[in-house]
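Next come the chains, spelled out residue by residue.
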Amino acid sequence: MTAPTAAQGGHPGAQRPDDAAGPKRLRILLVGAGGVIGRWVHGALRDRHEVISAGLEPAQEPQQLQLDLTDTAALVQALHALGPLDAVISTAGRARFGPLALAQPAGIDASVYGLGLHDKLMGQVNLALAARAVLRPGGSITLTSGTTSTEPVIGGAGLSLVNGALESWARAAATELPQGWRLNVVSPSLVEGTPEAACAAFPGFELVSGHRVALAYVRCLMSGITGQVLRI
Ligand SMILES: NC(=O)c1ccc[n+]([C@@H]2O[C@H](COP(=O)([O-])OP(=O)(O)OC[C@H]3O[C@@H](n4cnc5c(N)ncnc54)[C@H](OP(=O)(O)O)[C@@H]3O)[C@@H](O)[C@H]2O)c1
């Protein structure tokens, strides 16, 4: 029996041993490619696929793109300019650490939680929403949350807020996506290569190998799952 093609309801990433044509080369946008996690993911994908790297830094090469997830209009425009994609992956998003004692009642813009809500949460949500304009049938979207959605750390309530919301949104949104599009979240623990200062905020957490974390993104891309949160 041969595997279903994308046109038959499979997805473009699905690979089976009996795919006569061999592995399909996917066109992937990776936002946050220059970061700790992004570099691992880029390393796992770049040899087999066309990976367009995006981040806040100005582009240095043709396969790079300067993109700010908080600038929604520019994000929509950049995706249109890129054209059809098989997958969008985000390993991007900023959020602020800080003790609860410093958190005061405030609207989102003035809140200590504002950065995480605007950047890591709504930035990734808007990326996923905007991706629908350019995603090929059966394409996939993979976002990044983090272990604080389920494992609290001191000073991490703002991250827990953002990561929990992102996971809940993705689980629900995945059920409404048409065209066989898939939406998943990778929720890494502390990743190999993370700077010491950030690691110090996670006492008692074991470093997860970057390769292992990257494989979770490969699974989201290639395995056909949707609405899942992969905790690594
Ligand atoms: N490292 C960990 O152990 C760990 C564990 C769990 C979850 N996470 C989460 O995973 C994400 C990535 O972590 P990381 O350690 O790889 O962070 P990082 O090294 O600081 O890298 C973040 C990347 O995201 C890009 N970026 C940030 N804000 C952006 C925006 N508004 N628009 C576009 N690109 C943006 C940055 O672009 P530039 O390179 O251009 O600055 C950078 O490439 C974060 O949300 C973090 O909370 C990290």
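Refer to the structure printed above.
Quick look at the structure, then. (Residues numbered from 1 in each chain as written. Predicted model: local features only at pLDDT ≥ 70, side-chain atom pairs only at ≥ 80, totals over all residues.)

## A look at the overall build of the protein chain
The test is simple: To qualify as a helix, a DSSP run of H or I must reach at least 4 residues; to qualify as a strand, a run of E must reach at least 2; elements of each kind are numbered from the N terminus. In this description the radius of gyration comes from C-alpha coordinates, and the expected globular size is given by 2.2 Å times residues to the power 0.38. Buried, partly exposed and exposed are defined by the number of other C-beta atoms within 10 Å of a residue's own C-beta, namely 20 or more, between the two limits, and 12 or fewer respectively, with C-beta atoms placed from the backbone. Here, residues touch in the contact sense if the C-beta positions derived from the backbone fall within 7 Å of one another.
From N to C terminus, the protein chain includes six helices and seven strands. Its helices and strands in sequence order give the protein chain the pattern β-α-β-β-α-β-α-β-α-β-α-α-β, from N to C terminus. Taking 17 Å as the expected radius of gyration for a compact globule of 232 residues, we find that the protein chain reaches 18 Å, a close match to that expectation. Counting only C-alpha atoms, the protein chain reaches 60 × 40 × 35 Å along its principal axes. A total of 232 residues make up the protein chain; the buried ones form 38% of that total. For the protein chain, the proportion of contacts with a sequence separation of at least 24, taken over those separated by at least 6, is 64%.

## Some points on the pairing of strand β2 (residues 50–55)
For clarity, the threshold we go by: A pair of strands counts as paired when DSSP detects no fewer than two bridges linking them.
Here β2 lies mainly inside the structure; five of its six residues are buried. When strand β1 (residues 27–31) meets β2, the two strands line up parallel, connected through five bridges. Looking across to β2, one finds that Ile-28 is bridged to Val-51. The pairing of β2 with strand β3 (residues 64–66) spans three bridges and is classified as parallel. Directly across from Gly-55, in β3, lies its bridge partner Gln-66.

## Some thoughts on the site of the ligand
To keep things clear, this is the line we draw: Put plainly, near means the residue's C-beta atom, positioned from the backbone, lies within 6 Å of the molecule or strand in question. Charged means Asp, Glu, Lys or Arg here, nonpolar means Ala, Val, Leu, Ile, Met, Phe, Trp, Tyr, Cys or Pro, and polar covers whatever is left, Gly included.
In the neighbourhood of the ligand, 29 residues make up the surrounding shell, with Gly-34, Gly-35, Gly-55, Ala-92 and Gly-146 lying closest. Listed by contribution, the elements that provide at least two residues to the shell around the ligand are α1 (36–45) and α3 (114–131). Its residues assigned to classes, the shell around the ligand shows 11 nonpolar, 13 polar and five charged.

## What about the environment of Gln-124?
Mapped onto the elements of the fold, Gln-124 is located in helix α3. The class of Gln-124 is buried, set by 28 C-beta atoms lying within 10 Å. Sequence-wise, Gln-124 and Ile-28 are 96 residues apart; in three dimensions their C-alpha atoms are separated by 16 Å. Excluding anything up to four places from it in sequence, Gln-124 contacts Leu-69, Ser-90, Gly-93, Leu-143 and Leu-166.

## Let's talk about the sheet that holds strand β5 (residues 135–144)
What counts, and what does not: Angles shown run from 0 to 180 degrees and are taken between the N-to-C directions of axes, each axis being a line fitted to C-alpha atoms and, for helices, limited to the stretch in contact.
Read from one edge of the open sheet, seven strands run β3-β2-β1-β4-β5-β6-β7, paired in parallel fashion. In this open sheet, the two edge strands, each paired with only one partner strand, are β3 and β7 (229–231). Shown here is a sheet whose adjacent strand axes are inclined to one another by a mean of 20 degrees, direction ignored. Against the sheet, α1 engages β1, β2, β4 (85–90) and β5, with an angle of about 165 degrees to β1. Against the sheet, α3 touches β1, β4, β5 and β6 (182–187), its axis set at about 175 degrees to β5.

## A closer look at the packing of α3 against helix α4 (residues 157–174)
Stated precisely, the cut-off is as follows: What sets the label is the angle itself: under 35 degrees gives roughly parallel, over 145 gives roughly antiparallel, 65 to 115 gives roughly perpendicular, and the rest give oblique. For any pair of crossing helices, the crossing counts as left-handed if the nearer helix is rotated counterclockwise from the farther one by less than a right angle, and right-handed if it is rotated clockwise.
Where α3 meets α4, the axes come as close as 10 Å, and the angle between the chain directions of the two elements is 15 degrees. Considering the angle they form, α3 stands roughly parallel to α4. Our pair here, α3 against α4, has a crossing hand that is right-handed. Two secondary-structure elements touch here, α3 through Gly-116, Leu-117, Lys-120, Leu-121, Gln-124 and Val-125 and α4 through Gly-158, Leu-159, Leu-161, Val-162, Ala-165, Leu-166 and Trp-169.

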